[in-house]
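# Coordinates in review
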Amino acid sequence: MLNESAISIKKTKKIFFLRAVKVLRLFNRVVFHATSSDEHRDIGNQFGSKNRIRIAGNLPAKNNIDANPVRIKKSGTVSCVSIARIAPEKNLLYALQILQKVRDVDVVFDIYGPVYDEVYWKLCSDLIAAMPANIRISYCGSITNELVAETLSRYHFLFLPSAGENFGHIILQALSAGCPLIISDRTPWRGIQMKHAGWDLSLEKEELFVSVVQECGRLNQSEFNLLSQNAFAYARHYQNDLKVVEENRRLFD
């Protein structure tokens, strides 16, 4: 919540809060838990006292998926999903603007999550109504956490170009379901391309997002299977990483 993009949303209220807690010294004895070096920097920029900021990855929830779910993938079509609250920081409007420019492939994009900002949702709804014929978008409402893994297993890609994530639990859940990623580079999940498990892209490069969605649409079954298997393996590696457990234990030393 302390990165620049998050603070820019309802900025006046947040700046007032930050100034108030500094004047009142409310956080003077607080140890801050950062989940990445970027978050460490953002906390330090606001509160200083970098000796009181410790980095530890978020402890992942264990999933019950023992094998990578199988999906049918035909070249020329792709299904994407977003599971997140509908609010500016999750950047659904940006995702829709990207899809509006996609050509040559058919895209199914299903949106799950509660509407937190009605004005923002109205902007999204208007854009959905103006989509070209090759883009089919549905709002599916909210789902319980118990249904997230099964829901993700039905789609080819998680499409979530959020403006910033402290961790991004839905990202790990998607990987755990063998669902590769199309996300922004403003989360701790970086270098996704190098792991051949999807893409983390700059929000300043809209044309690259468009190109990637079109590339995903053109993938055939064997090409998609490789991405999906890599996503599943990446999640398993993270969930079994004892380093993350040790980092969290050291928070309390």
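Above this text sits the structure in question.
An account of the accompanying structure is given in this report. (Residues numbered from 1 in each chain as written. Predicted model: local features only at pLDDT ≥ 70, side-chain atom pairs only at ≥ 80, totals over all residues. Heavy atoms only, no water.)

### Focus: the pairing of strand β7 (residues 181–184)
Of the two faces of β7, the one lined by L181 and I183 and the one lined by I182 and S184 are each fully buried. Where strand β6 (residues 157–160) meets β7, three bridges bridge the pair, whose relative direction is parallel. Each bridged residue has a counterpart across the sheet, and for L160 the counterpart in β7 is I183. A crossover links β6 with its parallel partner β7, the connecting element being helix α7 (residues 169–176), and its sense is right-handed. Where β7 and strand β8 (residues 198–201) come together, four bridges link them in parallel fashion. (Buried < 20%, exposed > 50% of the residue type's maximum accessible area, 1.4 Å probe, protein only. Helix = DSSP H or I, 4+ residues; strand = E, 2+ residues; numbered from the N terminus. Pairing = 2+ DSSP bridges. Right-handed = clockwise from strand over helix to strand, strands pointing away.)

### A look at the side chain of H156
Structurally, the position occupied by H156 is in the loop between α6 (148–152) and β6. Assessed through its relative accessible area of 7%, H156 is described here as buried. There is a polar contact of 2.8 Å between the side chain of H156 and the backbone oxygen of I72. A distance of 2.9 Å separates a polar side-chain atom of H156 from the backbone nitrogen of S79. When neighbours within four sequence positions are excluded, H156 is seen to be in contact with R71, I72, K73, V78, S79, C179, P180 and F224. (Polar contact = N/O pair within 3.5 Å; in protein donor to acceptor, adjacent residues only side chain to side chain. Contact = heavy atoms within 4.5 Å.)

### Structural notes on a nonpolar patch on the surface
A cluster of nonpolar residues, V23, L24 and L26, forms a patch on the protein surface that exposes about 330 Å² of accessible area. Tracing the backbone through its elements, the reader meets L26 in the loop between α2 (11–24) and β1 (32–34). (Patch = residues over 30% accessible without salt bridge, like charges linked within 9 Å, V, L, I, M, F, W, Y side chains within 5 Å. Areas by Shrake-Rupley, 256 points an atom, 1.4 Å probe, with all protein chains shown as cover. Salt bridge = Lys/Arg side-chain N within 4 Å of Asp/Glu carboxyl O.)

### Things to note about the nonpolar core
Core analysis: the largest hydrophobic core is formed by 36 residues, its most contacted members being L92, L99, F109, F157, F159 and I182. When neighbours within four sequence positions are excluded, F159 is seen to be in contact with C80, V81, S82, A95, I98, L99, F109, I182, F209 and V213. Counting 27 residues, the second-largest nonpolar core is a separate cluster that includes Y112, L172, L175 and Y234. (Core = buried A, V, L, I, M, F, W, Y, C linked by side-chain atoms within 4.5 Å.)

### Looking at the pattern of salt bridges
Under the criterion given, the structure shown has 12 salt bridges. Across the pair R190 and D38 runs a salt bridge, and its minimum N-O distance is 4.0 Å. Separated by 152 residues along the polypeptide, R190 in the loop between β7 and β8 and D38 in helix α3 (residues 37–47) bring together distant segments of the chain. We classify D38 as partly exposed; its relative accessible area is 31%. Note that E246 is salt-bridged to R249, the shortest N-O span being 2.6 Å. Residue E246 and its partner R249 are located together in helix α10 (residues 242–250), separated by three residues, close to a single helical turn.

### Focus on the side chain of N58
Mapped onto the fold, N58 is located in the loop between β2 (53–55) and β3 (77–83). Once residues lying within four places of it in the same chain are set aside, the contact partners of N58 are H33, T35, N166, F167, H169, Y238 and V244.

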